There are 2 protein chains.
Amino acid sequence: MKIGIVGLGLIGGSLAIDLRSQGHQIYGISRDLETCQIALKREIADDASTECEILSATEIVIICTPIKAIAPTIKQIIPHINPETIITDVGSVKQPIVEECSQLWQHFIGGHPMAGTTASGIDAAVANLFTGAAYVITPTATSKPENVAKLKAIALELNAIPHVCDAQIHDRAVSWISHLPVMVSASLIKACLQEEPDTLELAQILASSGFRDTSRVGGGNCELGVMMAKYNREELLRSLLQYRQNLDEIVDFIQQEDWHSLEQTLQTNAKARPKFLNT
Amino acid sequence: MKIGIVGLGLIGGSLAIDLRSQGHQIYGISRDLETCQIALKREIADDASTECEILSATEIVIICTPIKAIAPTIKQIIPHINPETIITDVGSVKQPIVEECSQLWQHFIGGHPMAGTTASGIDAAVANLFTGAAYVITPTATSKPENVAKLKAIALELNAIPHVCDAQIHDRAVSWISHLPVMVSASLIKACLQEEPDTLELAQILASSGFRDTSRVGGGNCELGVMMAKYNREELLRSLLQYRQNLDEIVDFIQQEDWHSLEQTLQTNAKARPKFLNT
């Protein structure tokens, strides 16, 4: 299959590597000429260009730009592609993207391969990035089943696990397990920083793996954190408000010295957590 | 030196192994005869007994029982030890223990070697558990400097890093980096469990390393979680209330769509976090 990949960063580049190794012909687009040259030199793509003309014969185009660039990018490529071409994306939020892009292109189907590293750019692109990862596909009522099937097949070729669901349910689910943890963890670091200097310094000295793990996602990529909040605002607020209720409940147990209820909550959690661990 | 260790679990057993390997004579006490037999068989202790008589010649006794048993244990051993014997403990909260035990024994000095694994019991005891770990020592105004020096020397023999500080400052610092993260993380798991079953199931499928890390300490040992809250209640409530303010601030930024302030907070965090990482 001829596959276009627009945006040759970590995700786009890694998709290109794996799909090309499966025998597909990969047409890569980047705004940056040097990135195109690297893509060709590393044989990540069969052809790479800053111009959308090379997408003319592609059956699927995967938009791998930052979220805010997805719709503008689709507008740019539309004059150059076949009317039957499937366009998909890799954005980590789906509802606002699907809403806007379905209006732009009849054969747009949202996608979210849930893999990544802290690195970025084409130099970070690697083989097998998606092995074992979830690959969410969010068709609408008007999406053609055969197009959904084609995207599922792509996910399977990446050794990822395809999950087809509604865009809003995707956004709700990732709010719980990805976006809420960022804000919870960020608030932890911020709260510690309010302590007076001497005690803060001792806390920093004594901190070990518990603090390291709980603070990790709250001390990560700021741009990504803001983007999550901006594009998944409604679902994130919903989960934050539920979270605050459960935090208040724990504060109450401790204030009331209700150790039995606190223990029950911690027991329920310890029992429930393994269901969230996919190893 | 003749050293008594009361409570031969993970911490007591591991202390015994390392201190014996440094040439000290170790006298181990356990309520459980089988534990004593294992301690002798594995050569963890030079002598081990369920009876406190064997502590009569010890210069230092380290109480390694659960927090609630520390004061009762000290009362039990007092009739059997030399008036100059130093008693210390390994409890993860210091202020209430130091307050009570200093009344019981003039030469009591609180201690907290900050190491551990998820395992427990004498079978979990290992060599070098304390290497590189902080070992907090919390003397009072009446503690003899030479006794503090002896405990610091013990910490150094364990390849741990001794930190001498006030018991309350210890409790405040560990509230930030150990006890608060447990409650923050517990509230995250509890909040997710409020979601309706289908979305929860998708969330569980999509959860990956971000959720795993942020939820780890909140899905851990329930008994330990309750114990922290019970014995460090005041400091934990203080840090929880500060945390709630910072959480509310983030909720406000998102509600107001104040992306600039959200980004600034996340940037401050990303910059501050490395100071908490001791590798």
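Residues numbered from 1 in each chain as written. Chains lettered and ligands numbered in written order. Predicted model: local features only at pLDDT ≥ 70, side-chain atom pairs only at ≥ 80, totals over all residues. Heavy atoms only, no water.

Got a minute to help me understand the overall build of chain A in this structure?
Of regular secondary structure, chain A possesses eleven helices and eight strands. With respect to the three principal axes, the spread of C-alpha positions in chain A is 70 × 40 × 30 Å. Across the 279 residues that make up chain A, the buried fraction comes to 57%. Restricting the contact set of chain A to residue pairs at least 6 apart, pairs at least 24 apart contribute 66%. By element, 48% of the accessible surface of chain A is carried by carbon and sulfur atoms, the whole surface being about 11,800 Å². Looking at charge distribution, chain A has the averaged site of its 22 positive side-chain charges lying 4 Å from that of its 32 negative ones. (Helix = DSSP H or I, 4+ residues; strand = E, 2+ residues; numbered from the N terminus. Buried < 20%, exposed > 50% of the residue type's maximum accessible area, 1.4 Å probe, protein only. Contact = heavy atoms within 4.5 Å. Areas by Shrake-Rupley, 256 points an atom, 1.4 Å probe, with all protein chains shown as cover. Lys, Arg positive; Asp, Glu negative; His and termini not counted. Charge placed at Lys NZ, Arg CZ, Asp CG, Glu CD.)

Honestly, the sheet that holds strand β8 (residues 161-164) of chain B in this entry has me stumped. Any pointers?
Two modes of strand pairing occur in sheets, parallel and antiparallel, and in both the strands are linked by backbone hydrogen bonds. Residues and elements named next belong to chain B. The eight strands lie next to each other as β3-β2-β1-β4-β5-β6-β7-β8, forming an open sheet whose pairing is mixed. At either end of the open sheet lies a strand with only one pairing partner, and these are β3 (47-49) and β8. Pairwise comparison of adjacent strand axes, ignoring direction, gives a mean angle of 20° for this sheet. Of the strand pairs in this sheet, strand β1 (residues 2-6) and strand β2 (residues 25-29) are connected by five bridges, and their pairing is parallel. Across the sheet, G4 pairs through a bridge with Y27, a residue of β2. Across the sheet, helix α4 (residues 95-104) is in contact with β5 (86-89), β6 (108-113) and β7 (134-138); its angle to β6 comes to roughly 150°. (Pairing = 2+ DSSP bridges. Axes fitted to C-alpha atoms, helices over the stretch in contact; angles between N-to-C directions.)

Honestly, the interface of chain B and chain A in this entry has me stumped. Any pointers?
The figure often quoted for interface size is the accessible area lost as the parts come together. Each partner contributes to the interface: chain B provides 86 residues, whereas chain A provides 86 residues. Between chain B and chain A, the buried area comes to about 8,400 Å², and carbon and sulfur atoms account for 70% of it. Three residues, L206, R273 and F276 of chain B, lead the burial of chain B against chain A; their summed loss comes to 9% of the area buried on that side. Across the contact surface, chain B and chain A share ten salt bridges. (Buried area = accessible area lost by both parts, 1.4 Å probe. Salt bridge = Lys/Arg side-chain N within 4 Å of Asp/Glu carboxyl O.)

It is not clear to me how the relation of the copies chain B and chain A should be interpreted in this structure. Could you clarify?
Put simply, the second copy of the chain is the first one after a rotation about an axis and a shift along it. Overlaying chain B with chain A gives an RMSD of 0.1 Å, the required rotation being 180° about an axis along which the chain moves by 0.0 Å. Read as a symmetry element, the transformation amounts to a two-fold axis. (Least-squares fit on C-alpha atoms with pLDDT ≥ 70 in both.)

I keep staring at unusual backbone geometry and nothing clicks. Help me out?
Trans peptide bonds make up most of the peptide bonds, and negative phi angles are found at most residues other than glycine. Positive phi, close to 60°, is recorded for N128 of chain A, a residue that is not glycine. Relative to the helices and strands, N128 of chain A is located in the loop between β6 (108-113) and β7 (134-138). Even without a glycine there, the phi angle at E257 of chain B is positive, about 55°. Relative to the helices and strands, E257 of chain B resides in the loop between α10 (233-255) and α11 (259-272).

What is the right way to read the packing of helix α6 (residues 167-192) of chain A against α11 of chain B from this model?
Any two packed helices are characterised by how steeply their axes cross, that is the angle between the axes, and by the distance between the axes. Following both chains from N to C, one finds α6 of chain A and α11 of chain B inclined at 65°, their axes separated by 9 Å at the closest point. Judged by the angle between their axes, α6 of chain A and α11 of chain B are roughly perpendicular. You can see that α6 of chain A and α11 of chain B cross each other, and the crossing is left-handed. Residues M183, A186, I189 and K190 of chain A of α6 of chain A pack against L262, T265, L266, N269 and A272 of chain B of α11 of chain B. (Parallel < 35°, antiparallel > 145°, perpendicular 65-115°, else oblique. Left-handed = near helix turned anticlockwise from the far one by under 90°.)

I keep staring at the pairing of strand β4 (residues 60-63) of chain A and nothing clicks. Help me out?
Residue and element names in this part refer to chain A. The alternating pattern of β4 places I60 and I62 on one face and V61 and I63 on the opposite face, and all of these are buried. Examined bridge by bridge, β4 and strand β5 (residues 86-89) share four bridges and lie parallel to one another. In the sheet register, V61 faces β5, and the bridge partner there is I87. Read as a crossover between parallel neighbours, the route from β4 over helix α3 (residues 70-77) to β5 is right-handed. (Right-handed = clockwise from strand over helix to strand, strands pointing away.)

Where do I start with the confidence of the model for chain A in this structure?
With 100% of its residues at a pLDDT of 70 or more, chain A has an overall mean of 96. On the interface metric, ipTM, the complex scores 0.92, and its pTM is 0.91. (pLDDT = per-residue confidence, 0-100.)

What should I look at first to understand helix α2 (residues 33-41) of chain B in this one?
One full turn of an α-helix is made of 3.6 residues, so residues set three or four places apart face in the same direction. Residue and element names in this part refer to chain B. Looking only at α2, the buried set comprises T35, C36 and A39. One face of α2 carries all of its buried residues, which in axial projection span an arc of 100°. Exposed residues on α2 whose side chains face more than 90 degrees from its buried face are L33, E34 and K41. Buried residues along α2 sit against β3. Where α2 ends, the next residue or the one after it, E43, has phi of about 55°, a positive value. (Arc of directions from axis to C-beta.)

I tried to follow the pattern of salt bridges on my own but got confused; where do I start?
Pairing between side chains of opposite charge can happen when the charged atoms of each approach one another. Applying the stated criterion to the full structure yields 19 salt bridges over all chains. Residues D46 of chain A and R20 of chain A are paired through a salt bridge, measuring 3.0 Å at the closest nitrogen-oxygen approach. One end of the pair, D46 of chain A, is in the loop between α2 (33-41) and β3 (47-49); the other, R20 of chain A, is in helix α1 (residues 10-21), with 26 residues separating them in the sequence. Residue classification places R20 of chain A among the partly exposed positions, given a relative accessible area of 27%. Notably, a salt bridge pairs K190 of chain A with E249 of chain B, separated by 2.8 Å at the nearest N-O pair. A residue pair is termed interchain when its members come from two chains, as with K190 of chain A in helix α6 and E249 of chain B in helix α10. Linked through salt bridges whose partners overlap, the residues forming this network are E195 of chain A together with R172, E235 and R238 of chain B.

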